[in-house]
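Structural description and commentary
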Amino acid sequence: TRRITVRDLLAAKERGEKWPMLTAYDAMTASVFDEAGIPVLLVGDSMGNVHLGYDTTVPVTMDHMAMLAAAVVRGTRRVLVVGDLPFGSYQEGPVQALRSATRLVKEAGVGAVKLEGGERSLAQTETLVQAGIPVMSHLGLTPQSVHTLGYRVQGRGDEAAHRLVRDAKAAEQAGAFAVVLELVPAEVAAEVTRSLHIPTIGIGAGPDTDAQVLVWTDMAGLTNGKVPRFTKQYADLRATLTTAAQSFASDVLSGTFPAEEHTFH
Ligand code: KIV
Ligand code: NA
C-alpha cells in the first residue's frame, strides 16, 4: 500500500468526489482513522487546546508539532499526513517558513504542511512549493490570529467575501494544493469552491466544499464542554471513557479486579 498524495486529492476534485479529513495527535488514534479509511489526517495546532490544555493555538511550538506529527506518521500506513506550521514558525518570512516546513518533512515525515493566510502568506507558500513541499492554505477564521479576529464567522458582507475569494485564488496561484475554509458563510465557501481548481476543505463552511474536516475529539464526543455548532458528534467517547474509568475504580475498591484470570502464580 502506498500513501495518499496531494495528486490523489486533486484527481478527486476533478471526479467531483468529496472526502473527509480529521485531526490526529497521536499514533494510536491515527491508526484507527487510517484503518477506518480516512484519507487525510491533519496534525493540527489545535493540539494546543486538545492535547496540551492551552486556551488557544498560539503557544504551540515546532517541538510540539514535530513530536506529535512523527507519532501520527508512525501510526499510519495509508493516509496523507498534513502538519500545521504553528504560530511564529513562518510569519517572519519564506526562509523561516522553509526551515520549519523542512523540519516537519524530514524529522516527522509529513507529506504536506498547512499555514494560515492567503495573500499575507504568499511568499512563504511559493517558497515551500518551489522546494517541493505541498502546502495547504487556511483561510476564514484563522485561529493563530485570535487576538485580532476573535472567534467569529469571517467573510460576511460583500467586501469580506471578495477578500476571501481573492485570498483563495492567491493561495492557488502560489501553488497551494488545497484550501481550508473555517467558519465562513456557506454561500461564500461555495463560491470559493467553484472558483478554484484545487479542493476546498470546510469546517463550519456549509455543505458545498470539496472536503470536510473536524477536530477528532469534537467528532467523537470526547471534548470537555461545549463544542461549536458546526460540529456533529458521532459518538459519546467522554461518557464511554468515564464509565470505563469508574468501573475500573470500583472493581479495585471492591477487590473484584484483578480476578484469577488476571493473576500469575
Ligand atoms: O488545527 C486544526 O485543527 C485546524 C483545523 C480546524 C482545520 O487547523
Ligand atoms: Na490549525
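Named according to an unreviewed UniProt entry, the protein is 3-methyl-2-oxobutanoate hydroxymethyltransferase originating from Actinacidiphila acididurans. As its UniProt record puts it under Catalytic activity (unreviewed entry), the protein is described as follows: "(6R)-5,10-methylene-5,6,7,8-tetrahydrofolate + 3-methyl-2-oxobutanoate + H2O = 2-dehydropantoate + (6S)-5,6,7,8-tetrahydrofolate". As stated in UniProt under Function (unreviewed entry), the record for the protein gives "Catalyzes the reversible reaction in which hydroxymethyl group from 5,10-methylenetetrahydrofolate is transferred onto alpha-ketoisovalerate to form ketopantoate."

With that out of the way, let us pick up the sheet that holds strand S1 (residues 19-23). Pairing in this closed barrel of eight strands is parallel, and the strands run S1-S2-S3-S4-S5-S6-S7-S8 around the ring. Sheet twist, expressed as the average angle between the axes of neighbouring strands with direction ignored, equals 25 degrees. Strand direction decides the pairing type here: strand S5 (residues 135-140) and strand S6 (residues 178-182), joined by five bridges, are parallel. Within S6, the position partnered with Leu 139 by the bridge is Leu 181. In the packing of helix H4 (residues 62-74) onto the sheet, the strands contacted are strand S2 (40-43) and strand S3 (80-84), and the crossing angle to S3 comes to about 170 degrees.

Once that is clear, we can look at the site of ligand 1. By nearness alone, every residue bordering ligand 1 is listed as Thr 23, Leu 42, Gly 44, Asp 45, Ser 46, Asp 84, His 138, Val 180, Glu 182, Ile 203, Val 213 and Val 215. In terms of residue class, the shell around ligand 1 is made up of five nonpolar, four polar and three charged.

When the UniProt feature table is mapped onto this chain numbering, "binding site: Mg(2+)" (unreviewed entry) sits at Asp 45, Asp 84 and Glu 116. Annotated residues spanning 72 residues; largest pairwise C-alpha distance 11.0 Å, indicating a single compact cluster. Here Asp 84 lies in strand S3. The class of Asp 84 is buried, set by 30 C-beta atoms lying within 10 Å. Not counting residues within four places of it along the chain, the set of residues in contact with Asp 84 comprises Leu 42, Val 43, Gly 44, Asp 45, Met 65 and Lys 114. The topology assignment puts Glu 116 in strand S4 (residues 112-116). Here Glu 116 falls in the buried class, since 24 other C-beta atoms lie within 10 Å of it. Once residues within four sequence positions are removed from consideration, Glu 116 is found in contact with Ser 121, His 138, Thr 142 and Gln 144.

What follows deals with the environment of Thr 61. One can find Thr 61 in the loop between helix H3 (47-50) and H4. With 15 C-beta atoms counted inside 10 Å, the residue Thr 61 sits in the partly exposed group. Separated by 22 residues in sequence, Thr 61 and Gly 83 have C-alpha atoms that sit 12 Å apart.

This brings us to the packing of H4 against helix H5 (residues 94-108). For the pair H4 and H5, interaxial distance at closest approach is 9 Å and the crossing angle is 35 degrees. Both H4 and H5 take part in a crossing whose hand is right-handed. Residues Met 62, Met 65, Ala 66, Ala 69, Ala 70 and Val 73 of H4 touch H5, and the partners they reach there are Ser 100, Arg 103, Leu 104, Glu 107 and Ala 108. Counted by class, the contact of H4 with H5 contains eight nonpolar, one polar and two charged residues.

So, about the environment of Met 67. Inspection of the secondary structure puts Met 67 in helix H4. Among the residues examined, Met 67 registers 15 C-beta atoms within 10 Å and is labelled partly exposed.

Before going further, it helps to spend a moment on unusual backbone geometry. That bond from Phe 257 to Pro 258 is cis: its omega, 0 degrees, falls within 30 degrees of zero. Looking at the secondary structure, you find Pro 258 in the segment after helix H11 (237-254). The backbone of Leu 183 sits at a positive phi, close to 55 degrees, despite the residue not being glycine. Examined against the element boundaries, Leu 183 turns out to sit in the loop between S6 and helix H9 (186-195).

Among the nonpolar cores identified, the biggest contains 68 residues, and Leu 41, Val 43 and Val 113 are the most heavily contacted of them. Apart from the residues lying within four places of it in its own chain, the contact partners of Val 113 are Val 82, Gly 83, Leu 85, Ala 101, Leu 104, Leu 128, Ile 133 and Val 135.

Right, let's talk about the pairing of S1 for a bit. Bridging between S1 and strand S8 (residues 211-214) involves four bridges; their strand directions are parallel. Bridge pairing in S8 links Pro 20 to Gln 212. For S1 and S2, the ladder comprises three bridges, and the chain directions are parallel. Across the sheet, Thr 23 pairs through a bridge with Leu 42, a residue of S2.

For helix H2 (residues 27-36), the set of buried residues is Thr 29, Ala 30, Phe 33 and Asp 34. Taken down its axis, H2 places every buried residue within 140 degrees of arc, on the same side. Exposed and facing more than 90 degrees away from the buried side of H2 are Met 28, Glu 35 and Ala 36.

How each quantity is defined
All residue numbers refer to position in the chain's written sequence, counted from 1. Chain A is the first chain written and ligand 1 is the first ligand written, with later ones labelled in order. Predicted model: local features are reported for residues with pLDDT of at least 70 only, side-chain atom pairs are reported and counted for 80 or more only, and whole-chain, interface and lining totals are derived from all residues. UniProt positions are given in the numbering used here, feature names are shortened, and annotations may be inferred rather than shown by experiment. Paired strands, in this sense, are two strands between which DSSP finds at least two bridges. The numbering of helices and of strands both runs from the N terminus, where a helix is a DSSP run of H or I of at least 4 residues and a strand a run of E of at least 2. Lines fitted to C-alpha atoms define the axes, with helix axes restricted to the stretch in contact, and inter-axis angles between N-to-C directions lie between 0 and 180 degrees. Two residues qualify as a contact pair if the distance between their C-beta atoms, derived from the backbone, is within 7 Å. Nearness rests on one distance test: the residue's C-beta atom, set from the backbone, must lie within 6 Å of the molecule or strand. Under the convention adopted here, Pro, Cys and the residues Ala, Val, Leu, Ile, Met, Phe, Trp and Tyr are nonpolar, Asp, Glu, Lys and Arg are charged, and Gly plus all remaining residues are polar. Counting other C-beta atoms within 10 Å of its own, a residue is labelled buried from 20 upward, exposed at 12 or fewer, and partly exposed in the gap between, with every C-beta atom placed from the backbone. Here a crossing is called left-handed whenever its near helix is offset anticlockwise from the far helix by less than a right angle, and right-handed whenever the offset is clockwise. For this analysis, nonpolar core means a set of buried Ala, Val, Leu, Ile, Met, Phe, Trp, Tyr and Cys residues linked through C-beta atoms within 7 Å. The arc in question is traced by the directions running from the helix axis to the C-beta atoms.

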